[in-house]
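# Summary of structural features
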Amino acid sequence: MPTVIRDLMSTPPVQADGDDTLASVARRMADANIGSVIIAEGADVVGIVTERDLLRAAAVDRDPSTEPARRWMTASPDVLGPDEEAGVAWSNLSDHHYRHLPVVSDGALVGVVSLRDLMGIARLRPADETSEDVPRGLEGVVVADTAVGDVRGLEGFFHYRQYSAVELAAHRSLEDVWFLMAEGALPTGEQSEAFVRRTAELRSIPPGLSALLPALAGLGQPLDVLRTAVSVLGGELAWPPTHDGDPHQLAEQALQLCAVVPSILTATYRLRQGLAVIPPRSDLAYAANYLWMLTGVEPIAAQARALEQYLMLTIDHGFNSSTFTARVITSTGADLAAAICGAIGALSGPLHGGAPSRALDMLDAIGTPENAEAWVRDAVEHGGRIMGFGHRVYKTDDPRSLFLRDVACQMDAPLVDFATQVEQTVVDVLAELKPGRRLYANVEFYAGVVMAACGVTREMFTPTFAASRTIGWTTHVVEQAAHNRLIRPAARYVGPVPPQPVPEPAPR
Ligand SMILES: CC(C)(COP(=O)(O)OP(=O)(O)OC[C@H]1O[C@@H](n2cnc3c(N)ncnc32)[C@H](O)[C@@H]1OP(=O)(O)O)[C@@H](O)C(=O)NCCC(=O)NCCS
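Throughout what follows, the structure given in this document is the object of discussion. Within each chain, residue numbers correspond to sequence positions counted from 1 in written order. Confidence filtering applies because this is a predicted model: local features only for residues at pLDDT of at least 70, side-chain atom pairs given and counted only at 80 or more, and all residues used for totals across whole chains, interfaces and linings. Excluding hydrogens and water, the side-chain figures rest on all heavy atoms present in the structure.

## A few points about the nonpolar core
Put simply, a nonpolar core is a bunch of buried Ala, Val, Leu, Ile, Met, Phe, Trp, Tyr and Cys residues held in one set by side-chain atoms that sit within 4.5 Å of each other. Each residue gets one of three labels from its accessible area relative to the maximum for its type: buried under 20%, exposed over 50%, partly exposed in between, using a 1.4 Å probe on protein chains only. Residues Leu307 and Phe445 are the most contacted members of the largest nonpolar core, which totals 102 residues. By definition, any uninterrupted DSSP run of H or I lasting at least four residues is a helix, any uninterrupted run of E lasting at least two residues is a strand, and each is numbered from the N terminus. Take this core: its biggest share by element is twelve residues, from helix 12 (residues 247–272). Contacts are assigned to residue pairs that have any heavy atoms within 4.5 Å of one another. For phenylalanine 445, the contacting residues outside a window of four places in its chain are Ala359, Met362, Leu363, Met387, Gly388, Phe389, Ala419, Val422 and Glu423. In terms of nonpolar packing, the next biggest core, distinct from the first, is built from 14 residues, Leu80, Ala86, Ala89 and Leu93 among them.

What follows is the structure, given as structure tokens:
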């Protein structure tokens, strides 16, 4: 019988509350002679604090008697099941360079397994392979402090500046959430009205870029054109390096950029279709104006609201690749346009923002609900990825996908019934073929269904995502610039051993 986690794990697990101090967490570690404490809320594992986290806090002189564990924990850690084989735990720990993993059975925390436990049963690998290196893809690595928002993968929850993003999308306007991101608090009624007026006035494309746009639009897809257009805009408006500019100026640039991106995108789209550009209307709110500029038809309220809700849900989402890119570029002191051009580039990849049109293409390829299982099975067995499924952080339902599925149902979106059937099939097939990976629909799966029902065509799905995400990116740029230190990590060199003598060039 292979050794399973249940045979190895330490139990009962030592737990603490996220509000407990690091000092009390350290005492529990010392008393139990263990290297980690699980942070739990009720039955849910929300994080893990290890000796390494204590060291990180000590290294920056944080007072352990006041510092809350929540601030230093690794949030939403991977978990193991008690019946998984020791080899699985080994792969998980060594691939991701974890030293401890919580063990969860039927949703309840039952133990903790550590590298030490595994090394105890077998000399599975030479000790020097268990390095301190960060995991591939920086999974779970905390690289910055932020007050913008956070994603809790195990709980299926994310927030903007402490407010549930889903609740904001349900109850507020996009402009209110934009204000929250930019100003740090939700607006009063008066502030909200003033912000709507102010941002509506910033929608016009500046003349230099406007003159160039017809030529640019002929050269690439709307997202590529946006990337170039933002670069041109930064030059035309003479945005200084963030290193030299002042915070107020940067915040103004951010507001203008967020306001003008929808105009650039919709103008590009129409120019590519050979249609006249439709100027923005200051009497329409952000989402309604977006649809107006895209189609030339004033949208019905349900469509404008559905798009607005999609946009609100996609403003920010932790340290996703494009946000991280924007912050890395800002950390060099480069200007806002440079940071956003980089972020747009990162977003364009199919593993990040480029998936929603591919998800609808997949629905087309599947054709009927009866074909779904065979199609998905074949794709996964041939090493393919099912677009709109899986997430680096969510190991449960993506709250954005749940919300958008409801939005699509309320709108009676044409594809929603089919999409719902395919979703269930994909989840079941992935659970069978990729056991333990916990793959569910992500935001992109229903994003396409909702956007299509609002009159947005497939080539505009990712660009539309870029419009709302610009609000998140710029918020992060402002935050990074305000507390900047150059982001400059290291890599482990794995090539041939240096130094080698440089060969003379071959004689000609
Ligand atoms: C989002 C995504 C990039 C996250 O990737 P990640 O955290 O790096 O996960 P990994 O690439 O390490 O994948 C882990 C395992 O799950 C599998 N997996 C992840 N997503 C999958 C998907 N959508 N379809 C099939 N298998 C998937 C991988 O093949 C891998 O299996 P393996 O352990 O047998 O090699 C990934 O889930 C994906 O490619 N999804 C499809 C693209 C998509 O929808 N992007 C939009 C994201 S919001």
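## Some points on the pairing of strand 7 (residues 149–152)
By the alternation rule, side chains of strand 7 split into Gly149 and Val151, which are all buried, and Asp150 and Arg152, of which none is buried. When DSSP locates at least two bridges between a pair of strands, those strands are taken to pair. Across four bridges, the pairing between strand 7 and strand 8 (residues 157–160) is antiparallel. Across the sheet, valine 151 pairs through a bridge with phenylalanine 158, a residue of strand 8.

## Considerations on the side chain of glutamate 444
Locating glutamate 444 in the fold gives a position in helix 21 (residues 443–453). An unpaired buried charge is present at glutamate 444: no salt bridge exists, and arginine 400, the closest side chain of opposite charge, is 6.5 Å distant. With residues near it in sequence (within four places) discarded, glutamate 444 still touches His352, Gly353, Gly354, Ala355, Pro356, Ala359, Gly388 and Phe465. When charges are counted, Lys and Arg are positive and Asp and Glu negative, with His and the chain ends excluded. The term salt bridge refers to a side-chain nitrogen of Lys or Arg lying within 4 Å of a carboxyl oxygen of Asp or Glu.

## Some details on the packing of aromatic side chains
Centres within 6.5 Å make a pair out of two Phe, Tyr or Trp rings, where for Trp the six-membered ring is used; the pair is then stacked when the planes are under 30 degrees apart, edge-to-face when over 60, and tilted otherwise. According to the stated counting rule, one finds seven aromatic pairs in the structure shown. Between phenylalanine 158 and tyrosine 160, the ring centres sit 5.7 Å apart and the planes meet at 80°, which makes this aromatic pair edge-to-face. Tyrosine 160 carries the same exposure label as phenylalanine 158, and that label is buried. Summarising the aromatic geometry, the rings of phenylalanine 445 and tyrosine 446 are spaced 5.0 Å apart at their centres and angled 80° between planes, so their arrangement reads as edge-to-face. According to the relative accessible area criterion, phenylalanine 445 is buried, its value standing at 0%. Overall, the relative accessible area of 0% leaves tyrosine 446 in the buried class. Following the ring pairs from residue to residue traces out a cluster consisting of Trp178, Phe179, Phe195 and Tyr286. Only when the NZ atom of a Lys or the CZ atom of an Arg is both within 6 Å of the ring centre and within 35 degrees of the ring normal do we say a charge sits over the ring. Above the plane of the ring of tryptophan 292 lies arginine 281, whose end atom (NZ or CZ) is 4.8 Å from the centre. Its end group placed over the ring of phenylalanine 158, arginine 400 keeps NZ or CZ at 5.9 Å from the ring centre.

## Examining the packing of helix 19 (residues 399–411) against helix 21
Convention adopted: a line fitted to C-alpha atoms gives each axis, helices being fitted over their contacting stretch, and angles between N-to-C directions are expressed from 0 to 180 degrees. In the contact formed by helix 19 and helix 21, the axes pass within 8 Å of each other and the chain directions differ by 25°. Viewed along their axes, helix 19 and helix 21 adopt a mutual orientation that is roughly parallel. As for how helix 19 packs across helix 21, the hand of that crossing is left-handed. Contact residues: helix 19 offers Arg400, Ser401, Leu404, Arg405, Val407, Ala408 and Met411, while helix 21 offers Val443, Tyr446, Ala447, Val449, Val450 and Ala453. Any angle that is under 35 degrees is reported as roughly parallel, and any over 145 degrees as roughly antiparallel; angles of 65 to 115 degrees are reported as roughly perpendicular and all others as oblique. Helix crossings fall into two classes, left-handed where the near helix is turned counterclockwise from the far one by less than a right angle and right-handed where it is turned clockwise.

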